[in-house]
Amino acid sequence: MADDHAPLRASATRHDPRTPIPDEGTAQRAKMHAIEQRLKQLAEQGHVEAMTQLGALYNGGMNLRHDKRLAAHWFQKAMDAGSHVAAGYTMQLVYFGSGDLARDREKARSMAHDCIEPLLHAAQQNGDADAMMHVAFCSAHGLGVPKDEVKAVEWLAKAAEQEHAVAQYNLGRCYFESKGVAKDERLMVKWCAQAAELGYAQAQYSLGLCFKRGTGVALDEIKAVEWLSRAARQGLAAAQYALALCFKHGSGVTKDETKAVEWYAKAAEQGNAHAQYALALCFEEGAGVAQDSVKAVEWYTRAAEQGKPQAQLNLALCLEEGAGIALDQVKAVEWYTMAAQQGHVKAQQQLSSSQ
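Starting afresh in each chain, residues are numbered from 1 along the sequence in its written order. Where totals are concerned, whole chains, interfaces and linings use all residues; where local detail is concerned, this predicted model gives features only for residues with pLDDT of at least 70, and gives and counts side-chain atom pairs only at 80 or more. Computation of side-chain values covers all heavy atoms of the structure but excludes hydrogens and water.

K.L.:
Is there a simple way to think about helix α17 (residues 329-341) in this case?
P.N.:
Structurally, the α-helix is built with 3.6 residues per turn, so residues lying three or four positions apart point the same way. Helix and strand definitions here come from DSSP, where helices need a minimum of 4 consecutive H or I residues and strands a minimum of 2 consecutive E residues; each element is numbered from the N-terminal end. Here the expected span of a helix is defined as 1.5 Å times the quantity of residues minus one. Spanning 13 residues, α17 covers 18 Å between terminal C-alpha atoms, matching the ideal 18 Å at 1.5 Å per step. Every buried residue belonging to α17 is among A332, W335, Y336, A339 and A340, and all of these are buried. Along the axis of α17, the buried residues cluster in a sector spanning 140°; they form a single face. The outward face of α17, more than 90 degrees from its buried face, is lined by the exposed residues V330 and Q341. Working rule for contacts: check all heavy atoms of both residues, and any pair within 4.5 Å makes them a contact. Summarising the contacts, the buried residues of α17 are in contact with α15 (293-305), α16 (309-321) and α18 (345-354). Three labels apply to residues, based on accessible area from a 1.4 Å probe with only protein chains included: buried if under 20% of the type maximum, exposed if over 50%, partly exposed otherwise in between. The arc refers to the directions leading from the helix axis to the C-beta atoms.

In structure tokens, the structure reads:
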């Protein structure tokens, strides 16, 4: 019998980091694409269960593509048609403010109150894994039921045993964060790995970080790149940024600043502030891409507007020097001030010297 507590080990067959990263999920993605098309056909014909399943595919990636906006769209349609499971998914998106839905904890609480009874019935009487996962979420956050992290773990475990990828990933997080269960990094990796193998993008990204950091598993930068690549190909911005860093620094793969820029750009276009700042630096320095001060300012601005202090500082410097943008001392001071208020030491020094 396998030891559930044994740490995962890197495969004995290691890929040469000088060769292209293997795309082991091609066949699975082709299969999921066919499923997507069939579900979409049924959903457009008004099939409520297909709407919910299609939303779940987009919500998790699942070897397809990670798209919270499309997920929210189909969940809303299914919810409007009376699906309590879809209501549970929408409740979670509203709770966190995902998929273009505004973060609204009170609205999420109200939604939970409306759908918790049918979800409990589906979980208890029908063994519905989706319903179990939603009941677990409600228990963990005290939405519609008293807050009880132990019960949340119990429901997640039941759903995870049914190979529900999101439940497996969340159960792993509970083991990592000591929520409702004792901290156990090896069990965290176990459940995260199962969800990752099922194609859940967030789990693939997290598993990649585990291999990169040696958390609950033997450190293996090559394995880290493989899992980060799988999540990045599904469109998960955080994974795209992490993969770009691997190419930038030659971690687990041959150093390639051009590829780093490509992945920075993909994440930046999705609004990842870290990637936007990194891409701006690449344009400013001509690293992996032709030097372009105007584009550098464009990306510094996007990151600065999201509150990234390093970007605010660099944007202020550009404005002060007229690099890639018209010289504007007043706006420079405004950005220095924003960065300084976040504790950025150099911005504070620049602000003092300009006064």
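Structure's up, so let's keep going.
K.L.:
Hey, could you run me through the environment of E44 in this one?
P.N.:
Relative to the helices and strands, E44 is located in helix α1 (residues 26-44). C-alpha separation for the pair E44 and W74, spaced 30 residues apart in sequence, amounts to 9.9 Å.

K.L.:
So what exactly am I meant to see when it comes to the pattern of salt bridges here?
P.N.:
For side chains of opposite charge, pairing can occur when their charged atoms come near one another. Just to be clear on terms, a salt bridge is a Lys or Arg side-chain nitrogen sitting within 4 Å of an Asp or Glu carboxyl oxygen. Counting across every chain of the model gives eight salt bridges. Across the pair R173 and E177 runs a salt bridge, and its minimum N-O distance is 3.1 Å. Placement of the pair is R173 and E177 together in helix α8 (residues 165-177), with a separation of four residues, close to one helical turn. Close ionic contact of E298 with R302 constitutes a salt bridge, the shortest N to O distance being 3.3 Å. Of this pair, E298 and R302 both sit in helix α15, separated by four residues, roughly a single helical turn. Overall, the relative accessible area of 32% leaves R302 in the partly exposed class. Residues participating in the shared-partner salt-bridge network are R173, E177 and K179.

K.L.:
Even after reading the chapter, I still don't get the nonpolar core, so can you show me in this structure?
P.N.:
General note: in soluble globular proteins, nonpolar side chains tend to be found buried as a group. Ranked by size, the top nonpolar core spans 67 residues in total, and within it M91 and L207 carry the most contacts. Sort the elements by how many residues they give to this core and helix α5 (residues 105-125) lands first, with nine residues. M91 has contacts with A108, M111, A112, H134, F137, C138 and L143, leaving out every residue within four places of it along the chain. Take the buried residues of types Ala, Val, Leu, Ile, Met, Phe, Trp, Tyr and Cys, join any two whose side-chain atoms come within 4.5 Å, and each joined set is a nonpolar core. Ranked by size, the runner-up nonpolar core spans 49 residues in total, among them A260, C282, L313 and L351.

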